[in-house]
Amino acid sequence: MLKTTIVCSAAALVALAAPSFAQPPGITPEMINTTLPLEGAPLAVAGPYQVTSGPAFGSPGLMVFHPTNLDAFPSRDTLPVLVWGNGGCAIDTSRYSGFLSTIASHGFLVLGTAPQAAAQPAQQGQQGQQRRQATADDLRSAIDWADAENARAGSPLRGKIDTNQVAVMGQSCGGFLSLALGADPRVDTIGMFNSGVQPPNPNAPAGQAARFPTTAAIKDLHGPVLLINGGERDFLMGASHATYEAISHVPAFYGARDNAGHTATVFHPGGGEFANVASNWLRWQFKKNNDAAKMFVGDDCSLCVLPTWDTKSKGFGK
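These lines cover the structure that appears in this document, whether it is placed above or below. (Residues numbered from 1 in each chain as written. Predicted model: local features only at pLDDT ≥ 70, side-chain atom pairs only at ≥ 80, totals over all residues. Heavy atoms only, no water.)

## Focus on the pattern of salt bridges
So, point 1. What the rule picks out here adds up to 12 salt bridges.
So, point 2. Across the pair arginine 132 and aspartate 138 runs a salt bridge whose closest N-O atoms are separated by 3.0 Å.
So, point 3. Look at arginine 132 and you get partly exposed, because its relative accessible area is 31%.
So, point 4. Judged by relative accessible area, aspartate 138 falls into the buried class, the value being 16%.
So, point 5. The salt bridge involving aspartate 147 is made with arginine 186; its shortest N-O contact spans 3.2 Å. Separated by 39 residues along the polypeptide, aspartate 147 in helix 4 (residues 136-151) and arginine 186 in the loop between helix 5 (173-181) and strand 6 (189-193) bring together distant segments of the chain.
So, point 6. Of the residues examined, aspartate 147 reaches a relative accessible area of 31% and is grouped as partly exposed.
So, point 7. Salt bridges linked by common partners bring Asp137, Arg140, Asp144, Asp147, Asp184 and Arg186 together as one network. (Salt bridge = Lys/Arg side-chain N within 4 Å of Asp/Glu carboxyl O. Buried < 20%, exposed > 50% of the residue type's maximum accessible area, 1.4 Å probe, protein only. Helix = DSSP H or I, 4+ residues; strand = E, 2+ residues; numbered from the N terminus.)

Structure follows, in structure tokens:
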């Protein structure tokens, strides 16, 4: 049985970008930072590839993770694309390096945003680029980069990126960005971790709707949706479930991990249990891996039968 929880609007999540921003009413840093206790928690399961990470060539605003040895691509394996949006819509992806490295180790090109050095020193009272929030356009530029890098002469990734298979995922505010990017025809699937959207607010500040989607954006999705939250300790569990219920035209999977909280396991070593969920979703969707599919498909799916998970799905068939 799903229980009610505190629901916060997309506008309120703007305030979660950094500690210097005011917190939305009723939402405390302690609520944001709730995590699954590490002791006894499932460990992240790495894939077969060692991972290299660093700045994206020619795009200092992006960070890239990919298998170090690219010999297997594309002759023996595919290299689909995952674009990631950080919690708080933060620019610096480095905090998620363990989580994203686990995903990349299964044979994926993973891209996130990165802070750039300001052209001029910030004036007192102003915020440099590192403090600004990421936008859907920042994540869209990562898809553009993958397309360009796949064709760039001299790139070690030339001809190896599967640009026809693109996912966008994110946590909390980054989950809003994944929904916004879901309308892009290049995006095949999205994942919203510890995130969910609200109905349109006629009293929202001008320009907010353009930055943060509402349930109105759901109709523009055209691929499967993964919605994962941290159970009733996660103040966005209610919004996550409401977003799942509002989806009617594309397949969707919903999972609430008991006692995980809003930050859940993303900062466990290698991203912990949530990294396994993300990796298996992508392996199922893009690599047609039957073992990965068993985590989500059928009444006896591996997440469905765990007492620590409350799950629902629709649109996948049997």
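## Comments concerning helix 7 (residues 237-246)
So, point 1. Residues of helix 7 that are buried: Met237, Ala239, Ser240, His241, Thr243 and Tyr244.
So, point 2. Along its buried surface, helix 7 packs onto strand 6, strand 7 (225-229), strand 8 (252-257) and strand 9 (309-314). (Contact = heavy atoms within 4.5 Å.)

## Regarding the side chain of aspartate 77
So, point 1. Topologically, aspartate 77 is positioned in the loop between strand 2 (59-67) and strand 3 (81-85).
So, point 2. A polar contact of 2.7 Å, which involves the side chain of aspartate 77, links it to the side chain of tyrosine 49.
So, point 3. Polar side-chain contacts of aspartate 77 include one of 2.8 Å to the side chain of lysine 287. (Polar contact = N/O pair within 3.5 Å; in protein donor to acceptor, adjacent residues only side chain to side chain.)

## A closer look at the pairing of strand 2
So, point 1. For strand 2, a buried count of 7 out of 9 residues is recorded, marking the element as mostly surrounded by other parts of the structure.
So, point 2. Both strand 1 (residues 51-56) and strand 2 contribute to a ladder of 6 bridges, which runs antiparallel. Within strand 2, the residue paired with glycine 54 across the bridge is valine 64.
So, point 3. Remark: 2 residues form the turn of the hairpin made by strand 1 and strand 2, two consecutive strands paired antiparallel; glycine 58 in that turn has positive phi of roughly 75°.
So, point 4. Direction of pairing for strand 2 relative to strand 4 (residues 109-113): antiparallel, over a ladder of 4 bridges. Bridging across to strand 4, methionine 63 finds its partner in glycine 112. (Pairing = 2+ DSSP bridges.)

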